[in-house]
Amino acid sequence: MDKWEKYRIFVGERADYYIEKFKKFEETGGAVSWNWAAFFLGVVWMFYRKMHLYGIVIFTALIALGFFIAVLSPGNKLLAFGLQLWVWFGFGAFGNYLYYTFVKNKVFQIENSFPDEETQKVILAKSGGASISSAVLFVMAVFLVQMLLFYQK
């Protein structure tokens, strides 16, 4: 089983789309390609694609950056909007590459942990793919935290 077959098993839904992007990254050495889902959904898309740790780190960094901007330039809506646009376009332009590095690392870990190919197939399919429940739980958690923080009286 070659790496592309392993990537395909791991990615699951929309594997053709992602494998095409991954091959271009390897052929060109580039890191930019457009992903509309990543553009519109950002961190939620990361949770949907089971990149939980990446999503938590980036979400935390965005919160910290938001607080930093609020302290340095309170009420500056243009700066806040500019940051938001920058983040959206960053997800759209680099989301596929971020997912490629995630898939590559996870497949490598699974290969090293499970030498048997049949076991690898099972673990790849289970570990990868997409999870609507992860995305929904993330959105619900953010909503709950916002309610607890901003609606206390």
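It should be noted that the structure appears before, not after, this text.
The following paragraphs examine the structure supplied in this document. (Residues numbered from 1 in each chain as written. Predicted model: local features only at pLDDT ≥ 70, side-chain atom pairs only at ≥ 80, totals over all residues. Heavy atoms only, no water.)

Our focus in this paragraph is the overall build of the protein chain. Along the protein chain, the regular secondary structure elements total 8 helices and 0 strands. Counting from the amino terminus, the protein chain carries its helices and strands in the arrangement α-α-α-α-α-α-α-α. Along the first, second and third principal axes, the C-alpha atoms of the protein chain reach 55 × 35 × 25 Å. When the 153 residues of the protein chain are sorted by exposure, 30% land in the buried category. Within the protein chain, contacts between residues separated by at least 24 positions form 71% of all contacts whose residues are at least 6 apart in sequence. Counting 15 positive and 11 negative side-chain charges, the protein chain places the centres of these two groups 12 Å from one another. (Helix = DSSP H or I, 4+ residues; strand = E, 2+ residues; numbered from the N terminus. Buried < 20%, exposed > 50% of the residue type's maximum accessible area, 1.4 Å probe, protein only. Contact = heavy atoms within 4.5 Å. Lys, Arg positive; Asp, Glu negative; His and termini not counted. Charge placed at Lys NZ, Arg CZ, Asp CG, Glu CD.)

Before going further, it helps to spend a moment on the side chain of Gln 120. Along the chain, Gln 120 turns up in helix 7 (residues 117-127). Residue classification places Gln 120 among the buried positions, given a relative accessible area of 4%. If sequence neighbours within four positions are ignored, Gln 120 has contacts with Met 1, Lys 6, Ile 110, Glu 111, Phe 114 and Pro 115.

Not every positive phi belongs to a glycine, and Arg 14 is a case in point at roughly 65°. Following the sequence through the fold, Arg 14 ends up in the loop between helix 1 (3-11) and helix 2 (15-28). Despite not being glycine, Lys 50 has its phi angle at roughly 65°, a positive value. Position of Lys 50 relative to the elements: it lies in the loop between helix 4 (43-48) and helix 5 (52-72).

The α-helix advances 3.6 residues per turn, and as a result positions three or four apart in sequence lie on the same side. Compared with an ideal rise of 1.5 Å per residue, which puts 19 residues at 27 Å, helix 8 (residues 132-150) spans 27 Å between its outermost C-alpha atoms and is within 8% of the ideal. Turning to helix 8, its buried residues number three or more, namely Ser 134, Ala 135 and Phe 138. Down the axis of helix 8, the buried side of the element spans an arc of 105°, and every buried residue falls inside it. Counted as exposed and oriented over 90 degrees from the buried face of helix 8: Ile 132, Leu 137, Met 140 and Phe 143. (Expected span 1.5 Å × (residues − 1). Arc of directions from axis to C-beta.)

This part takes up the nonpolar core. Counting 28 residues, the largest nonpolar core has Tyr 7, Phe 22, Tyr 99 and Val 103 as its most contacted members. Secondary-structure elements contributing two or more residues to this core are helix 1, helix 2, helix 4 and helix 6 (77-113). Of all the elements, helix 6 adds the most residues to this core, at 9 residues. Beyond its immediate stretch of four places on either side in the chain, Tyr 7 contacts Ile 19, Phe 22, Tyr 100, Val 103, Lys 104 and Val 107. (Core = buried A, V, L, I, M, F, W, Y, C linked by side-chain atoms within 4.5 Å.)

Tracing the sequence through the fold places Leu 62 in helix 5. Between the C-alpha atoms of Leu 62 and Tyr 18, which are 44 residues apart in sequence, the distance is 26 Å. Contacts of Leu 62, omitting those with residues within four sequence positions, involve Val 43 and Val 87.

All quantities given are derived from atomic positions and should not be read as evidence of function.
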